[in-house]
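# Coordinates in review
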Amino acid sequence: MKVCVLGTGSLGSAIGGALALSGNEVHLVSRPAHAAAVNERGLTLVAGDEERVAAVVGHETPEGIGPCDLVIVLCKAMDTAEVASQAHAAGVVGPQTVAVSLQNGLGSDDLLIEAFGEDCVIGGKTYIGGMLMEPGRVQANIAGKRTIIGELDGSITPRVQRIADAFNEAGMECAVSDDIVGVIWNKLLVNVATGAVCAITGLPYEGIYDEPLIRETALAAVQEGMDVAAALGVKVAYGSPEGPWELAREGLPGNFKPSLLQSLEKGRKTEVDVIAGAVVREGAKVGVPTPVNLTLVAMVHGIERRIGAR
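Heads up: these notes are all about the structure in this document. These numbers come from a predicted model, not from an experiment. All residue numbers refer to position in the chain's written sequence, counted from 1. Reporting in this predicted model follows two pLDDT cut-offs: at least 70 for local features of residues, and 80 or more for side-chain atom pairs to be given and counted; totals over whole chains, interfaces and linings ignore these cut-offs and use all residues. Where side-chain values are given, they derive from all heavy atoms of the structure, hydrogens and water being excluded.

### A few points about the pairing of strand β3 (residues 43-47)
Quick note on the threshold: In this scheme, a residue with accessible area under 20% of its type's maximum is buried, one over 50% is exposed, and one in between is partly exposed, where area comes from a 1.4 Å probe on protein chains only. A run of H or I in DSSP becomes a helix once it reaches four residues, and a run of E becomes a strand once it reaches two; helices and strands are each numbered from the N terminus. Should DSSP find at least two bridges between two strands, the strands are taken to pair.
The element β3 is extensively covered by neighbouring structure, given that 4 of its 5 residues are classed as buried. With 5 bridges joining them, β3 and strand β4 (residues 50-54) adopt antiparallel strand pairing. By the bridge assignment, L43 is partnered in β4 with A54. In this antiparallel pair of consecutive strands, β3 and β4, the connection spans 2 residues, and G48 shows a positive phi of 65°. Where β3 lies against strand β10 (residues 137-141), 3 bridges are found, and the strand directions are parallel. Counted as the bridge partner of L45 is V138 from β10.

### Overview of the side chain of K145
Heads up, the condition is: In this charge count, Lys and Arg are treated as positive and Asp and Glu as negative; neither His nor the chain ends contribute. Throughout this description, the term salt bridge denotes a Lys or Arg side-chain nitrogen within 4 Å of a carboxyl oxygen of Asp or Glu. Only heavy atoms enter the contact rule, under which two residues are in contact if any of them lie within 4.5 Å.
Within the element layout of this structure, K145 appears in the loop between β10 and β11 (147-150). Here K145 occupies a buried position and makes no salt bridge, while the nearest side chain of opposite charge, E250, is found at 5.7 Å. Residue contacts for K145: discarding those within four places in its chain leaves Y127, I128, E173, L247, A248, E250, G251 and L252.

### Digging into the packing of helix α6 (residues 180-201) against helix α9 (residues 242-249)
Here is the rule: Structural elements are reduced to axes, namely lines fitted to C-alpha atoms, with helices fitted over the stretch in contact, and the angle between N-to-C directions of any two is expressed from 0 to 180 degrees. An angle counts as roughly parallel when it lies under 35 degrees, as roughly antiparallel when it exceeds 145, as roughly perpendicular when it falls between 65 and 115, and as oblique in every other case. Here the term charged refers only to Asp, Glu, Lys and Arg, the term nonpolar to Ala, Val, Leu, Ile, Met, Phe, Trp, Tyr, Cys and Pro, and the term polar to all other amino acids, Gly among them.
Interhelical geometry of α6 versus α9 gives an angle of 75° and a closest axis separation of 8 Å. With respect to α9, the element α6 is oriented roughly perpendicular. Note on element contacts: α9 touches α6 through P244, W245, L247 and A248, opposite L189, V190, A193 and T194. For the contact of α6 with α9, the residue count by class is 7 nonpolar, 1 polar and no charged.

### A closer look at the sheet that holds strand β7 (residues 93-101)
Pairing within the open sheet is mixed, and its 8 strands lie in the order β5-β2-β1-β6-β7-β8-β11-β12. Looking at which strands have only one partner, the edges of the open sheet turn out to be β5 (57-59) and β12 (174-176). Taken over all neighbouring pairs, the strand axes of this sheet differ in orientation by 25° on average, direction set aside. In this structure, strand β8 (residues 121-126) lies alongside β11, joined through 4 bridges in antiparallel fashion. Across the sheet, K125 pairs through a bridge with I148, a residue of β11.

### Side note on the side chain of N104
Inclusion rule: Side-chain atoms alone can form a polar contact between residues adjacent in sequence; in general such a contact is a pair of N or O atoms within 3.5 Å, and within protein one must be able to donate a hydrogen while the other accepts it.
Considering the arrangement of structural elements, one finds N104 in the loop between β7 and α4 (108-116). A residue is classified by how much of its surface remains accessible, and N104, at 13% relative accessible area, is buried. A polar contact of 3.2 Å, which involves the side chain of N104, links it to the side chain of S259. Setting aside chain neighbours within four positions, we find N104 in contact with K125, K187, N191, S259, E271, V274 and I275.

### Regarding the environment of D69
Within the secondary structure, D69 sits in strand β6 (residues 68-73). Owing to a relative accessible area of 38%, D69 belongs among the partly exposed residues under this scheme. As a C-alpha pair, D69 and P244 span 175 residues in sequence and 33 Å in three-dimensional space. Aside from chain neighbours lying at most four places away, what touches D69 is M1, K2, Q96, T97 and V98. For D69, the side chain forms a polar contact with the main-chain nitrogen of K2, separated by 2.8 Å.

### Focus: the pattern of salt bridges
As enumerated under the stated definition, the model contains 9 salt bridges in all. Notably, a salt bridge pairs R137 with E51, separated by 2.4 Å at the nearest N-O pair. In this pair, R137 sits in strand β10 while E51 sits in strand β4, placing the two residues 86 residues apart along the sequence. R146 serves as the salt-bridge partner of E173, at 3.5 Å between the closest nitrogen and oxygen. Taken as a pair, E173 in the loop between α5 (158-169) and β12 and R146 in the loop between β10 and β11 lie far apart in primary sequence, 27 residues in all. Judged by relative accessible area, which is 38%, R146 ranks as partly exposed.

### A short note on the sheet that holds β3
Working definition: the strands of a sheet are paired by backbone hydrogen bonds and lie parallel or antiparallel to each other. Ordered in space as β4-β3-β10-β9, the 4 strands form an open sheet in which the pairing is mixed. Each having just a single partner strand, β4 and β9 (129-134) make up the two edges of the open sheet. Taken pair by pair, the neighbouring strands of this sheet meet at an average axis angle of 25°, ignoring direction. Packed onto the sheet, helix α1 (residues 10-21) meets β3, β4, β9 and β10 and runs at close to 100° relative to β3. Against the sheet, helix α2 (residues 32-41) makes contact with β3, β4, β9 and β10, and its axis sits at roughly 95° relative to β3, the strand it touches most.

In C-alpha cells form, the structure reads like this:
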C-alpha cells in the first residue's frame, strides 16, 4: 500500500515505520528536522534493546506525494482541520483513498469528513505508544498494543479488512469492529486515566502509579467519563474505572510519558480539550456533572498559559 501519515510525531513514526518495514511505501509529513533526518539516515524504531531502521520518505508538506491508498491522520487535534485541508488541496486523497484518524480524543472524524467527504473516512483508535527521542529516532511501543478500526456505520467492508491485514502483517495487532464509536470511547477513557494527571504532575507512569491520591483522582475522572458514555447510550468495554487505569500502562515502560506531558515538556499546547475536555463537553450535553475532569482541564490550561503555549 501507498501510505501517507499526516502529522508524524512519535506515534505516527512508530506506526509509519512499522508499515514501511513490512514493505509498504510510506510518506511521513512532519516537522522539518524530523523529515530531514529520516530522509538522510532512515527512521530508527527502538523497542527495548532492539533497533530497526525503516526506509520512509519525509516531507514538510503533503505537496507532491500524490494519491495514496491509506491516509493516517496523527497531527495534534487542534491542527486537524488545517492539516486535512492541506492534504486535500495537495491531492493526497483520491477516489480510492481511505482516511482514518488514530488521534486521541473526540471530534477528528467529523473534521476529516468535512475535508475529504464521508465516503472515504473510517474510524479507528490505537493503543500503540511512542516517544520521539530525537529527529529520526523514536521509541516504538508496539508489542501487545492493539489497533481497532471500523466503518463509521458499523458495516464490515473489504477495505477495512485490507487495512487491518496490512497492520497485522507489520506486527501491529489490528482488529475490525462493528461498533467503532464504542471503541473510540474506550480509548478516550484510557487517555483520561493518565493524560492530565501526568501533564499536571510532570511524572511518567512509574510516578503516577505509585501515588494513591493520583490513582484516586484518575479513577474519579474515568468514572465521570463512563457516566457520560452511559448517558449518551455508548457501550464501553469496562465495568469499573480500574479497567482503563490498568490498561493505560499495560506493556509500557515506567518512564513512558503520555502525549499531554510530552507536549508541555516541548512548550506546546496539549490536546487536553479533546480528552478530559471532551468528557466535560459531552457531559454538559446530557446533564452529567464532570467536576474532576473540569478541574484537570483547568490545571492543564494554567500550565499552558504559564509556559506561553496558550
